[in-house]
Amino acid sequence: MIARALLLAFATLAMTNGAAMLTVVPAEAQDYKIHFDEPAAQWEHALPVGNGRLGAMVFGGTAEERIQFNEETLWSGGPYDPVVEGAHRGLPEIQRLLFEGEFAKAHDLFGRTMMGIPYEQMKYQPFGDVYLHFPGHEEATGYRRELNLDTAIARTTYTVDGTTFTRDVYASAIDQVIVVHISADKPGAVTFSANLHGVRNTAHSNYGTGYFQMDGLAPNALRLTGKSSTYLGIEGQMRYEGRVEAYINGELGAADGAVRGTVRVDYRTLHVEGADSATLIIAAATNHVNYRDVSANPTARVEAVLDAARQRRESDMRTEHMAEHQQWYRRVSLTIGGGEPPAPGADPAAALGLAALPTDERIARLPDGEDPGLAALAYQFGRYLLIASSRPGTQPANLQGIWQDRPNPSWDSKYTININLPMNYWLADSGNLSETNEPLWMFTQEVAEAGARTAREHWNADGWVLHQNTDLFRATAPMDGPSWGAWPVGGAWIMTNLFEHYRFTQDRAFLEEMYPLLKGQVEFLLDILIEHPDTGHLVTAPSNSPENFPAWPGNGRFFDETTGLFLKARNIAIAPTMDMQIIREVFGMFARAADELGRDAPLAAQARAAGEKLVPNQIGRHGQLQEWIEDYDEIEPEHRHLSHLWGLYPGSEITPEHTPELAAAAAVSIERRGTGGCGWSYGWKMGLWARLYNAEGALHEFKHHLADSSLPNLFSLCGRTMQVDGTFGAAASIGEMLLQSHQGFVDMLPALPAEWGEGRVEGLRARGDLTVGMAWSDGSLTSATIEAGRDGRVRVRAEGVTGVRAADGGPVNFTTSGERSLQFDARAGTTYTLTF
C-alpha cells in the first residue's frame, strides 16, 4: 500500500497495463558483489544505486563522503516541439539529387529544409550532491567498499582508532527515497556534518535563467530548490526540490529508549554529534507530469514522500527494500566456473578464488587469464542496473541510465535511438525482467503521439516517425544535422523491441494495445518508401547507415553549414542495408499481428508485397555484407557501429541455418570491423558472434569490453563517458551465448566458450513464454528444465537430448530428430525435465 500510495503521489509514476507480470522464479540466492579496497577517486568509479526514478553514485570516502544524485525528470529547458511546418517541401528535390548521385547537394538541402528547430535537444541534468564530513577519519584501516547486487546496498566499512564504521546506501522503490545509514560498533561514535549542494549549468545559464537555492531547515533538514536552465531558446520550465532529513539511533520518527547524541542545523550545514547511528533520508522531485505538462508541485511531492517515510523504521525500510529488489533480481541465478560466489552469510574467507579480489584487479588480470565468474558478475550487474534504472511508471533508461553528474553531458545523456536505447532493453525479456520494458512502452506511445505531426510536416506521410534522438519532451524531428538526423527508421526499430517483448510473453492483451502503434509505423514506412528509378526496388531516401561513412567518389572531410563544424565525411544515402532489414522485420511483424488479431487484411497484404520489393541483402567484393545499396568501402573500416548487421542481431533474418551465405558474409564484416569501438560496440559484437555460434569470438569481445572499454565498477565506456548501453548489451549477449530462441526453438548453450565449461543457470526466458534452467560440465549439458507459461508446442535444440518428462508425472508425447532436436506439446504451468 505504501508503494502504491507514493507512486500515485507522483503523477508521472502511474502504473499501466503495458507489461505482463511474471511469476517470480525461485532462483538460488547468490552473493555477487563488486568491491574495492579504496574509495572512488572519480565519479565514474563510484557505485550506483537506484529505484528507477532516483539514482545515486556513492564514492565511499572516509573523511569525506560524496553521494551525487539524480531525479530522472530534471532536464534543461521545458516542453517544446521542434517541428517545422511544411518541411517536407524540399523532399522531392532531395530525392532527385540522391538518385542522380549529387549526395553533397542532397545533404545540404536536407540541412536547409528538413531539420527541426532548434537543431539540438534538451540535456539530462544532475540534481545535487550530499557531502558528509567525518572529523578525524583521514587515517582509516581495514577499508572495503562494495555493491551487493543481491541486496542492492552500497556499503563502506573501515576502522578509525579501534572503532569500525559502516555506511550503507540504498534507493528504496517502496519508499521513493535514497537512504544513508551510518553506524559504529561503539556507542556514541557517530559524528559528522552534512551539506546539500546544487548544480548549475554555467555554460548555458545564469542566475536569471537557471538557479538553485540551498537552505537549512531546523531542526534536522537541508533543502535544495531550483529551476532548470534555458537552452537553445527553450525556456527553463522545470522546477525541483530536494531534501535531506537526519534521524539518530535507529528510528526515524522516535527512538526506542534513551536518545544518545544530537542533531542540529547551523545555517546550511547539518550536524550529527555523538550518536550510536544516524539515518539520512534523501527525497527529490520535479514538476514534471508528462512530456507536455510541467504543472506539478515538487514541494508537495517531496512532502508526501517524507511524511510517509517519517513513520517508518529504517530497519523495516531496509528489509522491505531488499525483499522488493530480490523479487526481481532472484528470478535468475547464474554460476560460471566452479566454487563462486559464496552463499549469503558464508565466511568471506571461504571465497578463496578470484571473487575475493577487488573487481578492478580481476578486470586487469582478464586479458591474460581466465575468470569465468567475472562473466556471471557482469551479467548480473547488467540485470541489477536495469532494475535500478527502469521500472513500471518511470522514464526509460537513457544513455547513462539515471546516473549523470555533468550539466553538459556527452550527447546530452538523451535517448539515442540508432543503437543505444534499443540495446538498453535487449536484456529485459531474456533476463526475466519483462516488466522493465514498461517505460519503453510508455515512451513509445508518447513519441508516436508527438511523431505523427513530425511525419506529416517533415515527410508528408501518415503514421508517425522517430529519428535518431529524443529527450524528456519527446522531440521527434531530425536533429543535430543531416549526418545524424536524416534517418527515419528509429520508430521502426523501437517497434521491433516491443514485438520481441510480445514474442517472449505471448501476452495477447499487450499485442492488441501495441497494434495501433505498429500499424502507424507501417503506414509511415509505406508512405516514405519510393521506387528506385534504376532498379525498381522500394528504397528509403534520404537516410543513412548509422553512423558510418560510405566512400563514394569525392566523399571526405568537409565544412558542414548546418552544424558549423568540419566533419569527417557525409553519410546521406539511399536504402542503407539496416533500413531494409528493419523495415522487412516490421512489415513481417505487422502482417503476423494483423493475422493473429483478424484485422487490416488489405494493409497486411500491402506490407507483405512492399517487403518483397525492398532491396535484398547483398554480398560485396570483399565477401562482406554490403552496408549500402552500392558496394562502397567504408571511410572508417573499423567503425564502432555495425548497422548493416542488424538483421543478424538483434534481428533474425540472417541465420547460419537459413541464410548460410549471408551469415558467412556477416562474419567477414565483423572481422573487418576488428576489435574496438565503444563499450556498446563490443557488446553488440558479442551478440553477433553468438548468433553465428562463434563462442570464442564472443568471449574475445567480452574480455576486451571489460579490459579496454569499461570502468572498474563494470560500467561501460563510450570514449571517456560512462554509459549503460554497453553494460546492458554485454549482459544480453552473455544470455545469447547461453540460450537463444529467435528461430522458433529453444537453443541451449549455442555459443559456450571452452573457459565456461562448468556452469549452471536458472530462470532465463525464451520466446513462447518459457522459463529455462540448465547445468553443464566439461562443456556438455548435464540437466535442463523448461517451464511452460501457456499451452503450446515447444521445440528444443540441445546436444545429446534424448527425451523429456513432466514434473507432475503426466504423459509427454515427444518426437526427436537426430541427436540434437526434440519437440513436445507443453501444458501451461508445467515444468519439463530433459534427459540426455
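Not measured: the values here are computed from a predicted model. (Residues numbered from 1 in each chain as written. Predicted model: local features only at pLDDT ≥ 70, side-chain atom pairs only at ≥ 80, totals over all residues. Heavy atoms only, no water.)

### Brief notes about the overall build of the protein chain
Rule in force here: The way it works is that DSSP assigns letters per residue, a run of H or I at least four long becomes a helix, a run of E at least two long becomes a strand, and they are numbered from the N terminus. Put simply, the radius of gyration uses C-alpha atoms, and a globule should come to 2.2 Å times the residue count raised to 0.38. The rule is simple: take the accessible area with a 1.4 Å probe, protein chains only, and divide by the maximum for that residue type; under 20% is buried, over 50% is exposed, in between is partly exposed. We call two residues in contact whenever any of their non-hydrogen atoms come within 4.5 Å of each other. Accessible areas in this description were obtained via Shrake-Rupley with a 1.4 Å probe; residue shielding takes into account the shown protein chains only. Counting rule applied: Lys, Arg positive; Asp, Glu negative; His and chain ends not counted. Positions of charges follow a simple convention, taking NZ of Lys, CZ of Arg, CG of Asp or CD of Glu.
Of regular secondary structure, the protein chain possesses 19 helices and 35 strands. Taken over C-alpha atoms, the radius of gyration comes to 27 Å for the protein chain, in line with the 28 Å a tight globule of 836 residues would show. Looking at the protein chain as a whole, 64% of its 836 residues are labelled buried. When contacts within the protein chain are restricted to residue pairs at least 6 apart in sequence, long-range pairs at least 24 apart make up 71% of them. Taken as a whole, the protein chain presents about 27900 Å² of accessible surface, with 49% of it coming from carbon and sulfur. Charge-centre separation for the protein chain: the mean point of 68 positive side chains lies 3 Å from the mean point of 104 negative side chains.

### What to know about the pattern of salt bridges
The test is simple: Each salt bridge in this description consists of a side-chain nitrogen of Lys or Arg and a carboxyl oxygen of Asp or Glu lying within 4 Å of one another.
In total, this model carries 57 salt bridges according to the counting rule given. Measuring nitrogen to oxygen at the nearest pair gives 2.9 Å for the salt bridge that ties R167 to E65. Here R167 is found in strand β8 (residues 163–172), whereas its partner E65 is found in strand β4 (residues 64–71), with 102 residues between them in sequence. Look at E65 and you get buried, because its relative accessible area is 0%. The salt bridge involving R673 is made with E634; its shortest N-O contact spans 3.4 Å. Note that R673 is positioned in helix α16 (residues 660–673) and E634 in the loop between α15 (601–613) and α16, a separation of 39 residues in sequence. Residue R673 is classed as buried on the basis of its relative accessible area of 2%. Accessibility expressed as a relative area gives 11% for E634, which makes it buried. Where salt bridges share partners, they join E241, R243, E245, E303, D307 and R310 into one cluster.

### Looking at the packing of aromatic side chains
This is how it is decided: To pair, rings of Phe, Tyr and Trp, with the six-membered ring standing in for Trp, must have centres within 6.5 Å; the planes then decide the type, stacked if under 30 degrees apart, edge-to-face if over 60, and tilted in the middle. We call a charge positioned above a ring when the Lys NZ or Arg CZ atom is no farther than 6 Å from the ring centre and deviates by at most 35 degrees from the ring normal.
Tallying each qualifying case throughout the model produces 22 aromatic pairs. Here Y80 and F473 contribute two aromatic rings whose centre-to-centre distance is 6.2 Å and whose plane-to-plane angle is 65°, an arrangement assigned as edge-to-face. Of this pair, Y80 sits in the loop between β4 and α2 (91–99) while F473 is found in the loop between β19 (469–470) and α11 (482–485), placing the two residues 393 residues apart along the sequence. By relative accessible area, which is 1% here, F473 ends up buried. Cluster of aromatic residues (ring-pair linked, three or more members): W75, Y124, Y415 and F443. One Lys or Arg, R557, reaches over the ring of F566 and ends 4.2 Å from the middle of that ring.

### Let's talk about α2
Of all the positions in α2, only L91, I94, Q95, L97, L98 and F99 are classed as buried. Buried residues in α2 make contact with α3 (103–113), α10 (438–459), β20 (530–531) and β21 (538–539). Phi turns positive, to about 80°, at G101, one or two residues after α2.

### A short note on the environment of E630
In this fold, E630 is placed in the loop between α15 and α16. In the structure, E630 is positioned 57 residues away from A573 in sequence and 9.8 Å away in space, judged by C-alpha atoms.

### Some details on the packing of helix α13 (residues 508–528) against α15
Keep this limit in mind: Axis definition: a line fit to C-alpha positions, over the contact stretch in the case of helices; interaxial angles, taken between N-to-C directions, run 0 to 180 degrees. Small angles under 35 degrees read as roughly parallel and large ones over 145 as roughly antiparallel, with 65 to 115 read as roughly perpendicular and the rest as oblique. Two helices cross in a left-handed way if the nearer one is turned anticlockwise from the farther one by less than a right angle. They cross in a right-handed way if the turn is clockwise. The residue classification treats Ala, Val, Leu, Ile, Met, Phe, Trp, Tyr, Cys and Pro as nonpolar and Asp, Glu, Lys and Arg as charged. All others, Gly included, are polar.
Interaxial distance between α13 and α15 falls to 11 Å at its minimum, and their mutual angle equals 50°. In terms of their interaxial angle, α13 and α15 are classed as oblique. Seen along the crossing, α13 lies across α15 with a hand that is left-handed. Contacts from K519, V522, E523 and L526 in α13 reach L603, Q606, A607 and A610 in α15. Residue classes in the contact of α13 with α15 are distributed as five nonpolar, one polar and two charged.

### Some points on the pairing of strand β6 (residues 141–148)
For the record, the criterion: At least two bridges found by DSSP between two strands are what make those strands a pair.
Note: strand β1 (residues 33–36) against β6, four bridges, orientation antiparallel. Counterpart to H35 in the pairing with β6 is E146. As paired strands, β6 and strand β7 (residues 153–160) are joined by six bridges and run antiparallel to one another. Bridge pairing links T141 to T159 in β7. Turn length for the β6-β7 hairpin, with the two strands adjacent in sequence and antiparallel, is four residues, and the turn residue A152 shows positive phi of about 60°.

### What to know about the nonpolar core
So the rule is basically this: Within this scheme, the nonpolar core is defined by two criteria: the residues are buried Ala, Val, Leu, Ile, Met, Phe, Trp, Tyr or Cys, and they are joined through side-chain atoms within 4.5 Å.
If you look at the biggest cluster of nonpolar residues, it comprises 235 residues, and the most contacted ones within it are F192, W403, W684, L738, M748 and M774. Sequence-distant contacts of M748, that is, excluding residues within four places in its chain, are made with L738, L739, V772, M774, L781, A784, I786, V796, R797, A798 and L834. Counting 12 residues, the second-largest nonpolar core is a separate cluster that includes A283, V302, L306 and A309.

### Observations concerning the environment of W680
As for its placement among the helices and strands, W680 is situated in helix α17 (residues 679–691). Distance from W680 to N555, taken between C-alpha atoms, is 27 Å for residues 125 residues apart in sequence.

### As for the sheet that holds β6
To summarise the sheet geometry, strands pair through backbone hydrogen bonds and adopt either a parallel or an antiparallel arrangement. A sheet is described by the order of its strands in space; here nine strands give the open sequence β1-β6-β7-β8-β9-β16-β13-β12-β11, paired in antiparallel fashion. Two strands lie at the open edges of the sheet, namely β1 and β11 (211–217), each paired on one side alone. In this sheet, neighbouring strand axes are inclined to one another by 15° on average, regardless of whether the strands run parallel or antiparallel. Relative to strand β13 (residues 239–248), strand β12 (residues 221–227) is paired through seven bridges, and the arrangement is antiparallel. Counterpart to L222 in the pairing with β13 is V244. Across the face of the sheet, helix α5 (residues 314–329) comes into contact with β7, β8, β9 (177–184) and β16 (277–286) while running at roughly 55° to β8.

### Concerning the side chain of Q740
Going by this rule: Polar contacts, as counted here, are pairs of nitrogen or oxygen atoms within 3.5 Å of one another; within protein the pair requires one atom able to donate a hydrogen and one able to accept it, and residues that are adjacent in sequence qualify only if both atoms are side-chain atoms.
Along the polypeptide, Q740 turns up in strand β26 (residues 739–740). From its side chain, Q740 meets the backbone oxygen of A690 in a polar contact 2.9 Å long. For Q740, the side chain forms a polar contact with the main-chain oxygen of E736, separated by 3.1 Å. Once you skip the residues sitting within four places of it in the chain, Q740 turns out to touch A690, R691, Y693, F745, V746, D747 and P750.

### Quick word on unusual backbone geometry
The residue after I117, namely P118, is reached through a cis peptide bond having omega 0°. Cis geometry is found at the peptide bond from P546 to E547, where omega equals -25°. In this model, W411 sits at a positive phi of 55°, which is unusual for a non-glycine residue. Phi angles above zero are rare outside glycine, and Q506 is one such case at about 60°.

### What about the packing of α10 against helix α12 (residues 490–505)?
Two elements in contact, α10 and α12, have axes separated by 11 Å at closest approach and are oriented at 140°. Considering the angle they form, α10 stands oblique to α12. For the pair α10 and α12, the sense of crossing is left-handed. Here L440, W441 and T444 of α10 lie close against α12, whose contacting residues are I494, M495, N497 and L498. The class makeup of the residues in the contact of α10 with α12 is five nonpolar, two polar and no charged.

### Describing the confidence of the model for the protein chain
Put simply, the test is: The pLDDT score gives, residue by residue, the confidence of the prediction method on a 0 to 100 scale.
The share of residues in the protein chain with pLDDT of 70 or more is 93%, and the mean pLDDT across the chain is 93. Low pLDDT (under 50) marks residues 1–27, which in the prediction has 66 contacts with non-local residues, meaning those over four places away or in another chain. Note that pLDDT drops below 50 for residues 346–352; the model gives that stretch two contacts with residues more than four away or on any other chain.

### Observations regarding the sheet that holds strand β30 (residues 780–788)
An order of β17-β28-β29-β30-β35-β32 is seen for the six strands of this open sheet, with the pairing classed as antiparallel. Lying at the two open borders of the sheet, with one neighbouring strand each, are β17 (333–336) and β32 (803–806). Neighbouring strand axes in the sheet, compared pairwise and without regard to direction, differ in orientation by 25° on average. Looking at chain direction, strand β28 (residues 759–766) and strand β29 (residues 770–777) are connected through seven bridges and run antiparallel. Within the sheet, the bridge partner assigned to A766 lies in β29 and is L770.

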